[in-house]
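What follows is the residue order along each chain.
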Amino acid sequence: MTASPPQTATARRPASDLVSEVAAAYVKELQEGYLADRSSAVGALAQLRRGAGKLPEDVPELWGMGGIERLYGAQGLSEREALKAEFALFAAITLYALHQQSKSSQRMHRAGAELGAAVRQLMPGGALDEPIRRRFVRLGTATTPKVLTERLREVVILLRNASIPLDYGILATQLYQAQDPDGLRHVRQRWGRTFHSYRPAGQRTEADTAASSDKDI
């Protein structure tokens, strides 16, 4: 009898990748349901946006919502990973719910739309707008999850008012990374880079296009 080959263990994904995948999939479901005017999605978004800018433990009425149980279907997480992942997912989902509010024909989640570039689009003609720049700087100086989500909420409201979308899978990853000092520095660098490198579609060069596709998160 020929012996069976040894089983190869499935590679364990980084928890930040898992958070991104779950956030993007859940937001896409909510978005499609909301745009189709499904009562379940409309109701879920109305509830979830009450948690925007807050910590999961501060809004127990939202426990069981936000897709958090999906984090545990594919692989185990350490206690530290679970705490970080739950915060990142909850923050991303509730901020999306706020972002999509009253946008019944527009997608406020869009793949590849990064925060720095989105903020730059708030500035007419791409020129620096000092009040918006200061708000972006305040976001970059946040050092705790609580302050970070509060300041993100302010920025998301501006983006909603201007109908500028975000990639909530990317944002969820960044919220996960930002809970460690090294990760926070990396996220700040990414936000700054995408802010400074943004060019309106008609002004992009081949070099700009290549740089925007070089993701480092």
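None of these values were measured; they are calculated from a predicted model.

Details of the side chain of Thr194
Point 1. As for its position among the elements, Thr194 is in helix H8 (residues 181-197).
Point 2. Side-chain polar atoms of Thr194 contact the backbone nitrogen of Gly116, separated by 3.3 Å.
Point 3. Of the polar contacts made by the side chain of Thr194, one reaches the backbone oxygen of Trp191; its length is 3.2 Å.
Point 4. Sequence-distant contacts of Thr194, defined by excluding residues within four places in its chain, comprise Glu114, Gly116 and Ala117.

Concerning the packing of helix H1 (residues 15-35) against helix H3 (residues 79-100)
Point 1. At their nearest, the axes of H1 and H3 sit 10 Å apart, and the two run at 25 degrees to each other. Considering the angle they form, H1 stands roughly parallel to H3. Classified by chirality, the crossing of H3 by H1 is right-handed. Contacts between H1 and H3 involve Ala15, Val19, Val22, Ala23, Tyr26, Val27, Leu30, Gln31, Tyr34 and Leu35 from the first element and Glu81, Ala85, Ala88, Leu89, Ile93, Tyr96 and Gln100 from the second.
Point 2. The residue makeup of the contact of H1 with H3, split by class, is 14 nonpolar, two polar and one charged.

Regarding H8
Helical geometry note: an α-helix holds 3.6 residues per turn, so side chains three or four residues apart project in the same direction.
Point 1. In this model, H8 (17 residues) spans 24 Å end to end at C-alpha, consistent with the 24 Å of a helix rising 1.5 Å per residue.
Point 2. Listed as buried for H8 are Gly183, Leu184, Val187, Arg190, Trp191, Thr194 and Phe195. Burial along H8 is one-sided: seen end-on, the buried residues are contained in an arc of 130 degrees. Along H8, the residues that are exposed and aim more than 90 degrees away from the buried face are Pro181, Asp182 and His196.
Point 3. Contacts made by the buried residues of H8 are with helix H4 (115-121), helix H5 (130-140), helix H6 (145-161) and helix H7 (168-177).

Let's talk about the pattern of salt bridges
Point 1. Here the structure, examined in full by the defined rule, presents 13 salt bridges.
Point 2. Here Lys146 and Asp58 are joined by a salt bridge, their closest N and O atoms 3.8 Å apart. Here Asp58 lies in the loop between helix H2 (39-48) and H3 and Lys146 lies in helix H6, a separation of 88 residues in the sequence.
Point 3. Overall, Lys146 belongs to the partly exposed group, its relative accessible area being 30%.
Point 4. Between Glu154 and Arg135 there is a salt bridge; the shortest N-O distance is 3.5 Å. One end of the pair, Glu154, is in helix H6; the other, Arg135, is in helix H5, with 19 residues separating them in the sequence.
Point 5. Among the charged side chains, a network of salt bridges with common partners joins Asp58, Lys146 and Glu150.

Concerning the environment of Leu45
Point 1. Within the secondary structure, Leu45 is located in helix H2.
Point 2. Here Leu45 falls in the buried class, since its relative accessible area comes to 0%.
Point 3. Setting aside anything within four residues of it in sequence, one finds Leu45 in contact with Leu30, Tyr34, Tyr96, Ala97 and Gln100.

So, the packing of aromatic side chains
Point 1. By the definition in use, this model includes two aromatic pairs.
Point 2. Ring plane angle 75 degrees and centroid distance 5.6 Å describe the contact between Tyr96 and Tyr168, whose orientation is recorded as edge-to-face. Linking Tyr96 in helix H3 with Tyr168 in helix H7, this pair joins segments that are 72 residues apart in sequence.
Point 3. By relative accessible area, which is 0% here, Tyr168 ends up buried.
Point 4. One Lys or Arg, Arg120, reaches over the ring of Phe195 and ends 5.0 Å from the middle of that ring.

Rules of the game
Residues numbered from 1 in each chain as written. Predicted model: local features only at pLDDT ≥ 70, side-chain atom pairs only at ≥ 80, totals over all residues. Heavy atoms only, no water. Helix = DSSP H or I, 4+ residues; strand = E, 2+ residues; numbered from the N terminus. Polar contact = N/O pair within 3.5 Å; in protein donor to acceptor, adjacent residues only side chain to side chain. Contact = heavy atoms within 4.5 Å. Axes fitted to C-alpha atoms, helices over the stretch in contact; angles between N-to-C directions. Parallel < 35°, antiparallel > 145°, perpendicular 65-115°, else oblique. Left-handed = near helix turned anticlockwise from the far one by under 90°. Nonpolar A, V, L, I, M, F, W, Y, C, P; charged D, E, K, R; others polar. Expected span 1.5 Å × (residues − 1). Buried < 20%, exposed > 50% of the residue type's maximum accessible area, 1.4 Å probe, protein only. Arc of directions from axis to C-beta. Salt bridge = Lys/Arg side-chain N within 4 Å of Asp/Glu carboxyl O. Phe/Tyr/Trp six-rings, centres within 6.5 Å; stacked < 30°, edge-to-face > 60°. Lys NZ or Arg CZ within 6 Å of the ring centre and 35° of its normal.

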